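These are the residues of each chain, in order.
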Amino acid sequence: MTGEKEHRGIRHWIHSGKGQKIIVVVLFMLVPMLLLFTFTYLPFAEMIKFSFYRMKYIGVREWVGLQNYIDVFKRNDCFGALKNSLYYMGGALVQLVLSLYLATILSFKVKGGNAFKGLIFFPFLVNGIALGFIFKFFYTRGFVLDTILHFVGFKLDNLPYWLKDQRINNISLVFTSVWKYCGQNMVLFIGAIMSVDGEMYEAARLDGASRFQQFLYIILPNIKTIVVLNVILSITGSISAFEPAYVIGGPGTATYFVVMDKVAHVSQKVGLASAMAVVLLIIILFTTMLQKLFFKYLFGDADLDDKTYAEKRRERSLVRYRRFHRHDN
Amino acid sequence: MTIEKKISGFVITVAKYFSLLFFSFWSVVPVASCVVTAFKTDKEYEQTKVLDMPASWLNFGNFKQAWHQADMGLGFRNTCIILFFVLIGSIMTGSMLAYVLSRFKFPGNSLIRTLFLFAALLPGVAMQVSTYQIMYNLHFINHLYGYIIMMMGTDVISIYIFIQFFENISQSLDESAIIDGASYFTVFFKILLPLLKPAIITVLVLKGVGTYNEYYAANLYLQNKAILRTVSTSLYAFVGPLGSQYNLICAGVLMSILPALLVFILCQKQVYGGMTMGSVKG
């Protein structure tokens, strides 16, 4: 008897608003949370655990304490590879300036603006392996780049081997990354610039501000948040640079991640690779925090990360919502 | 307007178009040189200069040969299967999660948001070191379904696009439906999901291009390339013995780029929009 009563109770609970809410919340989040756990946080925990073992993917594991971490700092190929990141940081800076410049031009009326935007953006859609082949071809001695440079007056003998010469090959690789991501950055900045109130430009123009002044005093302050975010992302990105060195490569170009990939999947030193990953993660988190502090100090903008766009928007819509309801009553 | 101003305006205009042309040129040249090369016969390729035009723009021989040699038909078949399931899966899980996170207040809501944001900070390649072990234990390696489930994983960008969209749909819409006696399921599937269409298209395009272009995990987890190659990993066929046969390679490369390019040309607005929406979150 009581069983039936309980049963009815459960049924009632299911159909009540609160019960349904809980069911929906649990049911809808089950799969995404499971995926998040399995493919992000479980590997994350495993990675930390692995870093204390000498192990392969299959077979016995031997606890070695901090030995893997000591090796990361001792081995030349591991930590030494981080200096290649400096090239990528330089590239990120060039990319930032270039994409801001192009975005500023394309945010205003330009003949064929859409076509230019499309042309500069489309490299972003080229897959990594294809990018590798395209640029191996592009840089080969006497091929595309050399032909163009020859056409504008350079002598072939004075040109370096773009992918072999260790004085230049890292720069060649970084260029491929700028090639791929510059347009994407530009599109992002165009979006930000477009969202600035158009009347401000109009007012500035009427006041006789030059284009450079308009950029400095109106555009830049208004898209500060996204520029700063981009700087942070691109510096973190340079530390973990991977694609060009992986798909094109060349002597002395291996970045930290390329070394890690080899250590993990070719030599199968999973423990060492995990330690490398942990070290890099700490570096990334540390630099991210440092940069955030730096930019907060620089702009005195405590708002920067505490309030994301979404939150601001939510606030705004909340205000709108309240206004609406007050009106209703 | 003074003459000085006119001159400076003219100079600025020239500089503007010059920079646009210059950078567009560099964007196009690496791929354009591939197009030129892909139409050359073996003999032409050896005898002509790289940027000389091919004798015939109708010489599709390289495309045919590259298609067979890299077994790109199989690659396209597998990629289609992967795309179909990954896209449906991530759109369903992403929109459901976003619905719960943006419409329900419950303890842990902001914690879950933070968990997803932090996940985006972890660099993908580094995570694959230990993910490989998990994939191995789950018997997910060398199975399309394993790769599909992994790719469905956590895509913070699409989740945020959905959350942003939900925040722009008035909550009074759900509330009035609930008052009328609709269940939360009805509200989600019948009312909100159809309204979400623009966001879904944006995510489709973004995630679609991303999945189509993915090569690192595909190479790692779909090792049996004889049957499990994707479009991007099929290009590995050109590494090694064919390493310098660029007229063939270029043809293969172009065929692999073409679908992404078509999607971009057809859905420019969604691609740009998604870029902007997604990246604000980083």
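Residues numbered from 1 in each chain as written. Chains lettered and ligands numbered in written order. Predicted model: local features only at pLDDT ≥ 70, side-chain atom pairs only at ≥ 80, totals over all residues.

Just give me the short version of the overall build of chain B, but keep the residues and values in it.
When its secondary structure is counted, chain B shows 16 helices and zero strands. Computed over its C-alpha atoms, the radius of gyration of chain B comes to 24 Å, more than 25% above the 19 Å expected for a compact globule of 282 residues. When the backbone C-alpha atoms are referred to their principal axes, chain B occupies close to 75 × 75 × 35 Å. Counting the 282 residues in chain B, one finds 43% classified as buried. (Helix = DSSP H or I, 4+ residues; strand = E, 2+ residues; numbered from the N terminus. Rg over C-alpha atoms; globule rule 2.2 N^0.38 Å. Buried ≥ 20, exposed ≤ 12 C-beta atoms within 10 Å, placed from the backbone.)

Could you give me a rundown of the overall build of chain A, with the residues and numbers involved?
Along its length, chain A carries 17 helices and two strands. Put simply, chain A has 329 residues, and 39% of those count as buried.

Can you lay out the domain arrangement of chain A for me, pointing to particular residues and giving the numbers?
Taken domain by domain, chain A holds domain 1 (7–39) and domain 2 (71–319). If you average the C-alpha positions of domain 1 of chain A and of domain 2 of chain A, the two centres end up 42 Å apart. (Domains from an automatic or database assignment.)

Report on the interface of chain A and chain B, specifying residues and quantitative values.
In this assembly, 73 residues from chain A lie in contact with 74 residues from chain B. If one sorts the elements of the side of chain A that touches chain B by residue count, helix α2 (residues 17–50) of chain A sits on top with 19 residues. Of the residues belonging to the side of chain A that touches chain B, the class tally is 53 nonpolar, 14 polar and six charged. (Contact = placed C-beta atoms within 7 Å. Nonpolar A, V, L, I, M, F, W, Y, C, P; charged D, E, K, R; others polar.)

Provide a residue-level description of the packing of helix α4 (residues 72–103) of chain B against helix α8 (residues 156–168) of chain B, including the pertinent values.
Residues and elements named next belong to chain B. Between α4 and α8, whose axes approach to 8 Å, the crossing angle comes to 45°. Between α4 and α8, the crossing angle belongs to the class labelled oblique. Seen from above, α4 lies across α8 with right-handed handedness. Counting all contacts with α4, which are made through S90, G94, S95, L97, A98, Y99, L101, S102 and R103, the residues of α8 involved are S158, I159, F162, I163, F166 and E167. (Axes fitted to C-alpha atoms, helices over the stretch in contact; angles between N-to-C directions. Parallel < 35°, antiparallel > 145°, perpendicular 65-115°, else oblique. Left-handed = near helix turned anticlockwise from the far one by under 90°.)

I'd like to hear about unusual backbone geometry, residue by residue, with values.
Note on backbone geometry: most residues besides glycine have negative phi, and most peptide bonds are trans. Residue and element names in this part refer to chain B. In this structure, D71 takes a positive phi of about 45° despite not being glycine. For D71, a count of 16 C-beta atoms within 10 Å gives the class partly exposed. Here the phi dihedral of H139 falls at roughly 55°; this positive angle occurs in a residue that is not glycine. The topology assignment puts H139 in the loop between α6 (124–137) and α7 (144–152). A count of 9 C-beta atoms within 10 Å places H139 in the exposed class.

Outline the environment of G132 of chain A, supporting the account with residue identities and numerical values.
By secondary structure assignment, the location of G132 of chain A is in helix α7 (residues 128–139). Ignoring any residue separated from it by four or fewer positions in sequence, one finds G132 of chain A in contact with V247 and I248 of chain A.

Explain the nonpolar core residue by residue, including any values.
Grouped together as the largest cluster of nonpolar side chains are 165 residues, with contacts concentrated most on I134, M260 and M276 of chain A together with V253 of chain B. No other element matches the 13 residues that helix α9 (residues 169–194) of chain A contributes to this core. When residues no more than four places from it in sequence are discounted, the contact partners of M260 of chain A are A273, M276 and A277 of chain A together with A126 of chain B. (Core = buried A, V, L, I, M, F, W, Y, C linked by C-beta atoms within 7 Å.)

Before we move on, could you go through the environment of T48 of chain B and cite the residues and values that matter?
Residue and element names in this part refer to chain B. The residue T48 is located in the loop between α2 (42–47) and α3 (61–69) in this model. The class for T48 is partly exposed, based on 16 C-beta atoms found within 10 Å. Considered as a pair, T48 and T37 are eleven residues apart in the sequence and their alpha carbons are 10.0 Å apart.

I'd like to hear about the confidence of the model for chain B, residue by residue, with values.
Residue and element names in this part refer to chain B. Averaged over all residues, the pLDDT of chain B equals 89, while 96% of them reach at least 70. Looking across chain B, the model is least confident in helix α16 (residues 268–281), with a mean pLDDT of 72, and most confident in α4, with 95. Scoring of the predicted complex yields 0.87 for pTM and 0.91 for ipTM. (pLDDT = per-residue confidence, 0-100.)

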